[in-house]
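A closer look at the structure
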Amino acid sequence: MARHSTCFFSADIDYPRKLETAGLAESGTLYPYAVGRIVIWMPADAKVDVTTQGWNALLDASVQKIAIANPEHAPYGRAAVAAMRKAGIYDQVKAKLVFGENISQTAQFVQSGSAQAGIVALSLAISPAMKDGKQWEIPAQQHDPIEQAAIVLKNAKNKEAAVKFLEYVKSESGRKTLERYGFTFPGVATPPTPKS
């Protein structure tokens, strides 16, 4: 979740909906701006090649800890658990799971070596800090969509700027920027993984 001056951006569409229902956001400004994607990510020097092994990489004996975002409150964590269940490996790996408070902390666990693998946002996996690692994109059909949304807050100091920023996010240029970072859009088929 993040604020951009007076807009509230969330990886979970339910939070902006709750703000609108509670009267804390401008009615009619809720905008589902993207759908997040998840990957299994491992460091470049991992003993296992996740790009060819996919789910089986998590079953390898060299993988003792798997980082995911806390599914109690993080949509990326809920998607990770759902996908592992659908793949039929959850019971085999649940004792290896370690939880980050959010998807960024989850990525840090794997980058630092505290976990040998992680299920992270594609947008993080292709970022400069992580692009040298190995990744395997989890099929979108294996979990509910990670719908992300923004909304203009009622107590915004500059509502006009907030609305303009939201208009940029909705524009072709804004959508291309989001696509470049691995996001898709509500109602649009999943494109191939972006190359960084």
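Note that this is a predicted model, so its numbers are computed, not measured. (Residues numbered from 1 in each chain as written. Predicted model: local features only at pLDDT ≥ 70, side-chain atom pairs only at ≥ 80, totals over all residues. Heavy atoms only, no water.)

Taken as a class, soluble globular proteins show a tendency for nonpolar side chains to be buried jointly. Ranked by internal contacts, the top residues of the largest apolar core, which has 54 residues, are W55, L58, M84 and I119. With 6 residues, helix 4 (residues 75–87) is the largest single contributor of residues to this core. Every residue in contact with M84, bar those within four places of it in the chain, is listed here: W55, I68, I89, Y90, V93, L97 and I119. (Core = buried A, V, L, I, M, F, W, Y, C linked by side-chain atoms within 4.5 Å. Buried < 20%, exposed > 50% of the residue type's maximum accessible area, 1.4 Å probe, protein only. Helix = DSSP H or I, 4+ residues; strand = E, 2+ residues; numbered from the N terminus. Contact = heavy atoms within 4.5 Å.)

What follows is about the pairing of strand 7 (residues 117–121). When you tally the buried positions in strand 7, you get 5 out of 5 residues, the bulk of the element. Bridge analysis of strand 4 (residues 38–42) against strand 7 gives 4 bridges, and the strand direction is antiparallel. Pairing of W41 across the sheet is with G118, part of strand 7. (Pairing = 2+ DSSP bridges.)

A word on the pattern of salt bridges. All told, the structure shown has 8 salt bridges when counted by the stated rule. For D12, the salt bridge identified is with R78, shortest N-O distance 2.7 Å. One end of the pair, D12, is in the loop between strand 2 (7–10) and helix 1 (14–21); the other, R78, is in helix 4, with 66 residues separating them in the sequence. With a relative accessible area of 34%, R78 lands in the partly exposed category. For K159, the salt bridge identified is with E26, shortest N-O distance 2.8 Å. Of this pair, K159 sits in helix 8 (residues 159–170) while E26 sits in the loop between helix 1 and strand 3 (31–36), and the two are 133 residues apart along the sequence. (Salt bridge = Lys/Arg side-chain N within 4 Å of Asp/Glu carboxyl O.)

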